Amino acid sequence: MKTTYKIDPAHSSAQFVVRHMMITNVRGGFSGVQGTIEYDPDDPKESRIEVVIDASKINTLDEQRDTHLKSPDFLHVEQHPTITFKSKKVVRTGDGEWKITGDLTIHGVTKEVVLNAEGPTPEGKDPFGNTRIGASASTKIKRSDFGLTWNAALETGGILVGDDLKIELEISAIRSEAVAAA
């Protein structure tokens with residue numbers, strides 16, 4: 001039986017890691033992650049995931065950098081207010097391990113990516129009577145594939161911002177309804 005869950009924005013996040021000045025990693029994230037999970041443990045290929053991230057809710061713990069990341073140089077949040085993921089294929093690869101293939105849209109550019117996912121956790125009740133599950137997922141992308149090409153050359157050689165971007169999702173979702181599988 002397929003069960004529908006709504007992603008809880010207050011308890012879910014999307015994080016990213018990118019190399020800065022070819023020396024260190026800078027981490028950032030987005031709050032307010034939303035979406036829907038339709039999960040069928042008996043027939044995983046019928047499961048569906050849709051995630052919507054408010055691009056303006058980026059936080060790297062540096063206000064000046066966050067402002068730059070929201071600008072046309074990077075996310076251009078006025079023109080592209082959301083980052084989305086829509087699954088196309090869900091495949092179990094082990095006990096609680098999945099490959100979720102889907103379309104990721106950043107900066108108005110859509111590319112197919114594969115999320116390596118763990119979960120979902122067994123259902124549990126929260127203090128308010130909601131039934132919840134949790135899951136984690138990650139992938140690596142080239143930011144240039146999504147039109148995020150701004151950079152600056154370093155005097156010592158190399159570039160200011162790396163092209164490789166690691167994305168990590170932590171999801172808490174609340175069961176909304178059970179639907180008989182079609």
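Values in this document were obtained by computation on a predicted structure and should not be read as measured data.

J.: Help me understand the pattern of salt bridges, please; the structure alone is not making it clear to me.
T.: Proximity of charged atoms lets side chains of opposite charge pair with each other. Considering all chains together, one arrives at eight salt bridges under this definition. One salt bridge connects Lys 45 with Asp 43, and the closest N-O pair in it is separated by 2.8 Å. Classification of Lys 45 as exposed rests on a relative accessible area of 56%. Classification of Asp 43 by relative accessible area gives partly exposed; the value is 25%. Note that Arg 132 and Asp 126 form a salt bridge whose closest N and O atoms lie 2.8 Å from each other. Judged by relative accessible area, which is 13%, Asp 126 ranks as buried. Taken together, the shared-partner salt bridges connect Asp 8, Asp 126 and Arg 132 into one network.

J.: Which parts of the structure should I look at to understand the nonpolar core?
T.: Nonpolar side chains in soluble globular proteins tend to be buried together. Core analysis: the biggest nonpolar cluster contains 37 residues, and Phe 30, Ile 37, Leu 75, Ile 83, Ile 100, Leu 104 and Ile 141 have the highest contact counts within it. Among the elements that make up this core, the one with the highest residue count is strand 12 (residues 161-179) (five residues).

J.: Just to check I follow, could you spell out a negative patch on the surface for this structure?
T.: On the surface, Asp 95, Glu 97, Glu 118 and Glu 170 cluster together into a negatively charged patch. For Asp 95, a relative accessible area of 82% puts it in the exposed group.

J.: Mind showing me how you'd approach the environment of Ala 135 here?
T.: On the secondary structure map, Ala 135 appears in strand 11 (residues 131-142). For Ala 135, a relative accessible area of 26% translates into the label partly exposed. Measuring from C-alpha to C-alpha, the distance between Ala 135 and Thr 121 comes to 6.5 Å, with 14 residues separating the pair along the chain. Those residues within four positions of Ala 135 in sequence are excluded, and the remaining contacts are Glu 118, Pro 120, Leu 169, Glu 170 and Ile 171.

J.: Whenever I open this one, the packing of aromatic side chains confuses me. Can you help?
T.: Here the distance between the centres and the angle between the planes together describe a pair of aromatic rings. Counted under the stated rule, the structure contains two aromatic pairs. Measuring from centroid to centroid gives 5.9 Å for Phe 16 and Phe 30, while their planes differ by 50 degrees, and the two rings are tilted. Highlighted residues: Phe 16 in strand 2 (residues 13-20) and Phe 30 in strand 3 (residues 24-30), separated in sequence by 14 residues. Each of the two residues, Phe 16 as well as Phe 30, counts as buried. Consider the rings of Tyr 39 and Trp 98, whose centres lie 6.2 Å apart with planes at 85 degrees: the pair is edge-to-face.

J.: What exactly am I supposed to notice about the pairing of strand 8 (residues 97-106) here?
T.: Consecutive residues of a regular strand have side chains that alternate between opposite faces of the sheet. In terms of burial, strand 8 is a largely internal element, seven of the 10 residues being buried. Looking at chain direction, strand 7 (residues 82-94) and strand 8 are connected through nine bridges and run antiparallel. If you follow Gly 94 over to strand 8, its bridge partner there is Glu 97. Connecting strand 7 to the antiparallel partner strand 8 that follows it, the hairpin turn spans two residues, and Gly 96 within it adopts a positive phi of roughly 75 degrees. Here strand 8 hands over to strand 9 (residues 109-118) after two residues, with His 107 in that stretch at a positive phi of 60 degrees.

Procedures and definitions
Along each chain, numbering runs from 1 in the same order as the chain's sequence is written. Whole-chain, interface and lining totals are the exception, using all residues; otherwise, since this is a predicted model, local features are given only for residues with pLDDT of at least 70 and side-chain atom pairs are given and counted only at 80 or more. No hydrogens and no water enter the side-chain calculation; it runs on all heavy atoms of the structure. Salt bridges are identified by distance alone: a Lys or Arg side-chain nitrogen within 4 Å of an Asp or Glu carboxyl oxygen. A 1.4 Å probe rolled over the protein chains alone gives each residue an accessible area, and that area as a share of the maximum for its type sets the label: buried under 20%, exposed over 50%, partly exposed in between. As used here, the term nonpolar core means buried Ala, Val, Leu, Ile, Met, Phe, Trp, Tyr and Cys residues forming a set that is joined through side-chain atoms within 4.5 Å. Numbering of helices and strands runs from the N terminus, with a helix taken as a DSSP run of H or I at least four residues long and a strand as a DSSP run of E at least two residues long. By definition, no residue in a patch forms a salt bridge, and every one has over 30% relative accessible area; like charges are joined within 9 Å, nonpolar side chains (Val, Leu, Ile, Met, Phe, Trp, Tyr) within 5 Å. Each accessible area value is a Shrake-Rupley result obtained with a 1.4 Å probe; residue values ignore everything except the protein chains displayed when judging cover. His is not counted, nor are the chain ends; Lys and Arg add positive charge and Asp and Glu add negative charge. By convention, the charge on Lys lies at NZ, on Arg at CZ, on Asp at CG and on Glu at CD. Note on definitions: a residue-residue contact is assigned when non-hydrogen atoms from the two residues lie within 4.5 Å. Only the six-membered ring of Trp is used, alongside the rings of Phe and Tyr, when aromatic pairs are assigned; centres must lie within 6.5 Å, and planes under 30 degrees apart are stacked while those over 60 apart are edge-to-face, with the rest tilted. By this definition, two strands are paired if DSSP reports at least two bridges between them.

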